Amino acid sequence: MFRCPFCGTSYRDAPQAAPPPARMPPANVVVVRPSSAGCALPLVVGGAIVVVAGAGAAMLLLRGAPSTSPKAASKETAQIATTPSLDDEAEAKPGKAGKSSKSKAKSAAPKDESRPRWASDRVFPVGADVDGDGVEDLVGPTVRLDGANAQLWVSAFDGKDFHVRWSVGPFGAVKSAGDVEMKLPVVVAGKRFVVLDPKGDAHLYELDSGKLVTDFPFREETRGMCGPPAAEPKVLVRVGNGDFIIDTATGIGRAGAPPAWCANNRYFRRRPSESFNGYYGVQSELLQDFGDSRERLAALKAPPKTSVSVAFADGPLTVALGSLKGSDEAVLLGFDAKGALTYQVAGATIGLTGDHHRKDLGFGRFVFLRGDAAVVALDAKTGEKSWETKLEGAGGAHPVTLSLTSSRVWLTRHDEPYAVVVAFDAVTGKLLGTAGD
């Protein structure tokens, strides 16, 4: 057995199975497939972290630079339209925009072939109460066909029956299905949400209607957004070599230091308000055997002859993945706020693997996606299984991303050439429905 110290994935010293025959994508979609080498190793170069992946791919994670104001924006911007729900008969009124953009509404219902599809199986579902009815809805990047071209939009789906409530866009054509999640990140903050488009401009909208509030036409290289951990009306946009804070309640943005929940290594965590995270993709704090988390991982009081490879920390709860010495079988370990062991569960009894992929800790639950396309939820305090739900259909496509909220468990699964979102009740595990299909 070989284990990657960066991603925590274990590999057996055995021949690899032959890959399945490639499926031909539609003629108008370019599919970028991942490298065959899935392991990535970190290097520290001149104060920056360079993650070198297989086949020569590399990602540079820059540390925070001094804050600077963004450059003056050009007056040229794209026209952003708002499409109302299919159930709304009245024409939606356009929102007021800044001088740099215009907003107009489309009253005609989209054709069946142009319905919003979930943009990518690597886009994290964002759960939010859009209409204030107490039921969690779904927000995130979508794709709609416009003739022969697929266009990027952002849509909201009702949490009861998953019909489309509104869509805003278009934000440009889909040039690569493999990186669409990076081209159009979305953050929900308070009663509004922010979209960062492929040109690097940010747009602020009302959450309940999709009405445009204002634009932030940076026209400068952006490096993503950082959303709040709860409902705080603040969004961090990394612009050029500085940081820019948008107050979603007032609609005012200015250069400034990152909020506490996004400073230093906290930037690597994915908050439930964000549709994309290019680092670990987990909401909890990931503790691994390198970097700043190595000491915290080593401080966990594991039982004798048991090694801990990776752990998920969220408040006073920590759930770790380990193995017995001399064995490659995974074991689940629970720890309290002081690092003392509270329970131990054999991974074989619940179908748990030893890597951190497709697993997360949040709201008192440890949830993971099992190899047979089942979703399993455990009580993070006791290690007891709360529920498991087997996924059916979808051509056997396995889930890819996982997003936890207090009331729901959201996951994505591939649905050629895009994706579909599946919703579960977080308490009972009941399958509630699908969106974006």
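Because the structure is a prediction, the values reported are computed rather than measured. Residue positions within a chain follow its written sequence, with the count starting from 1. Since the coordinates come from a predicted model, pLDDT governs what is reported: local features require at least 70, and pairs of side-chain atoms require 80 or more to be given and counted, while whole-chain, interface and lining totals use all residues. Side-chain measures were taken over the full set of non-hydrogen atoms in the model, leaving aside hydrogen atoms and water.

Caption draft 1: How the structure looks around unusual backbone geometry. Going from Gly-169 to Pro-170, the amide bond is cis rather than trans, its omega being 0°. Take Pro-170: it is sitting in the loop between strand E12 (164-169) and helix H1 (180-183). Across the junction of Glu-416 and Pro-417, the peptide omega takes the value 0°, indicating a cis bond. You will see that Phe-363, though not glycine, has its phi angle at about 55°, which is positive. Secondary structure elements are taken from DSSP: a helix is a run of H or I of four residues or more, a strand is a run of E of two residues or more, and numbering for both begins at the N terminus. Take Phe-363: it is sitting in the loop between strand E26 (359-362) and strand E27 (365-369). Relative accessibility thresholds used throughout: buried, under 20% of the residue-type maximum; exposed, over 50%; partly exposed, between the two (1.4 Å probe, protein chains only). Relative accessible area serves as the criterion here: at 43%, Phe-363 is assigned to the partly exposed category. Even without being glycine, Ala-373 reaches a positive phi, approximately 65°.

Caption draft 2: Quick look at the environment of Ser-284. Relative to the helices and strands, Ser-284 is located in the loop between strand E20 (252-255) and strand E21 (285-288). You can call Ser-284 buried: its relative accessible area is 1%. Distance in space between the C-alpha atoms of Ser-284 and Thr-318 is 9.3 Å, their sequence separation being 34 residues. Whether two residues are in contact is decided by their heavy atoms, any of which lying within 4.5 Å being enough. Once residues lying within four places of it in the same chain are set aside, the contact partners of Ser-284 are Arg-269, Phe-312, Ala-313, Asp-314, Asp-360 and Leu-361. Side-chain polar atoms of Ser-284 contact the side chain of Asp-360, separated by 2.9 Å. Counting of polar contacts relies on pairs of N or O atoms within 3.5 Å, with two restrictions inside protein: one atom must be capable of donating a hydrogen and the other of accepting it, and residues adjacent in sequence are counted only when both atoms are side-chain atoms.

Caption draft 3: The arrangement of the confidence of the model for the protein chain in detail. Scored by pLDDT, the protein chain has a mean of 77; 72% of the residues are at 70 or more. Strand E15 (residues 202-206) holds the highest mean pLDDT among the elements of the protein chain, 97, whereas strand E5 (residues 58-61) holds the lowest, 30. Per-residue confidence from the predictor is reported as pLDDT, a score between 0 and 100. Low pLDDT, under 50, characterises residues 83-111; the predicted model gives this stretch 59 contacts beyond four residues in sequence or across chains.

Caption draft 4: Broad picture of the pairing of strand E24 (residues 330-335). Here E24 lies mainly inside the structure; 6 of its 6 residues are buried. The two faces of E24 match: Ala-330, Leu-332 and Gly-334 on one face and Val-331, Leu-333 and Phe-335 on the other face are all buried. Here strand E23 (residues 317-324) runs beside E24; their pairing, made up of 6 bridges, is antiparallel. By the bridge assignment, Gly-322 is partnered in E24 with Val-331. Should DSSP find at least two bridges between two strands, the strands are taken to pair.

Caption draft 5: Summary view of the side chain of Lys-359. Relative to the assigned elements, Lys-359 resides in strand E26. A polar contact of 2.9 Å, which involves the side chain of Lys-359, links it to the side chain of Thr-353. Engagement of the side chain of Lys-359 in a polar contact is seen with the backbone oxygen of Asp-355, the distance being 2.7 Å.

Caption draft 6: Spotlight on the pattern of salt bridges. The salt bridge definition used is simple: a Lys or Arg side-chain nitrogen within 4 Å of an Asp or Glu carboxyl oxygen. Going through the model one piece at a time under the given rule, you end up with 16 salt bridges. We note a salt bridge from Arg-238 to Asp-243, for which the minimum N-O separation is 2.9 Å. With a shortest N-O distance of 3.0 Å, Arg-370 and Asp-372 are connected by a salt bridge. On the basis of relative accessible area, Arg-370 is assigned to the buried category, the value being 15%. You can call Asp-372 partly exposed: its relative accessible area is 34%. Overlapping salt bridges, with partners in common, bring together Arg-370, Asp-372, Lys-385 and Glu-388 in one network.

Caption draft 7: How the structure looks around the sheet that holds E26. Taken in spatial order, the 4 strands of this open sheet run E26-E27-E28-E29, and their pairing is antiparallel. Looking at the sheet topology across the chains shown, the edges are occupied by E26 and strand E29 (385-390). Adjacent strand axes in the sheet meet at a mean angle of 15°, parallel and antiparallel pairs treated alike. Across 5 bridges, the pairing between strand E28 (residues 374-379) and E29 is antiparallel. Residue pairing for E29: Val-376 is matched across the bridge by Glu-388. In this description, a line fitted to the C-alpha atoms serves as the axis of each element, helices being fitted only across the stretch in contact, and the angle between N-to-C directions of two axes falls anywhere from 0 to 180 degrees.

Caption draft 8: Local environment of the sheet that holds strand E16 (residues 212-216). Spatially, E13-E14-E15-E16 is the arrangement adopted by the 4 strands of the open sheet, whose pairing is antiparallel. In this open sheet, the two edge strands, each paired with only one partner strand, are strand E13 (186-189) and E16. Direction aside, the axes of adjacent strands within the sheet are offset by 20° on average. Direction of pairing for E15 relative to E16: antiparallel, over a ladder of 4 bridges. Of the residues in E16, the one forming a bridge with Leu-204 is Thr-214.

Caption draft 9: Here's a closer look at the environment of Arg-358. The topology assignment puts Arg-358 in the loop between helix H3 (347-350) and E26. Setting aside residues no more than four positions away along its own chain, Arg-358 makes contact with Val-367, Phe-368, Leu-369, Pro-399, Val-400 and Leu-402.

Caption draft 10: Highlighting the state of the cysteines. The criterion for a disulfide is a pair of cysteine sulfur atoms lying within 2.5 Å. Tallied over the full model, the rule gives 1 disulfide. With a sulfur-sulfur separation of 1.8 Å, Cys-226 is cross-linked through a disulfide to Cys-262. Given an S-S torsion of about 125°, the disulfide between Cys-226 and Cys-262 has right-handed geometry. A residue pair is termed long-range when its members are at least 10 positions apart, and Cys-226 in strand E17 (residues 222-226) and Cys-262 in the loop between E20 and E21 qualify at 36 residues.

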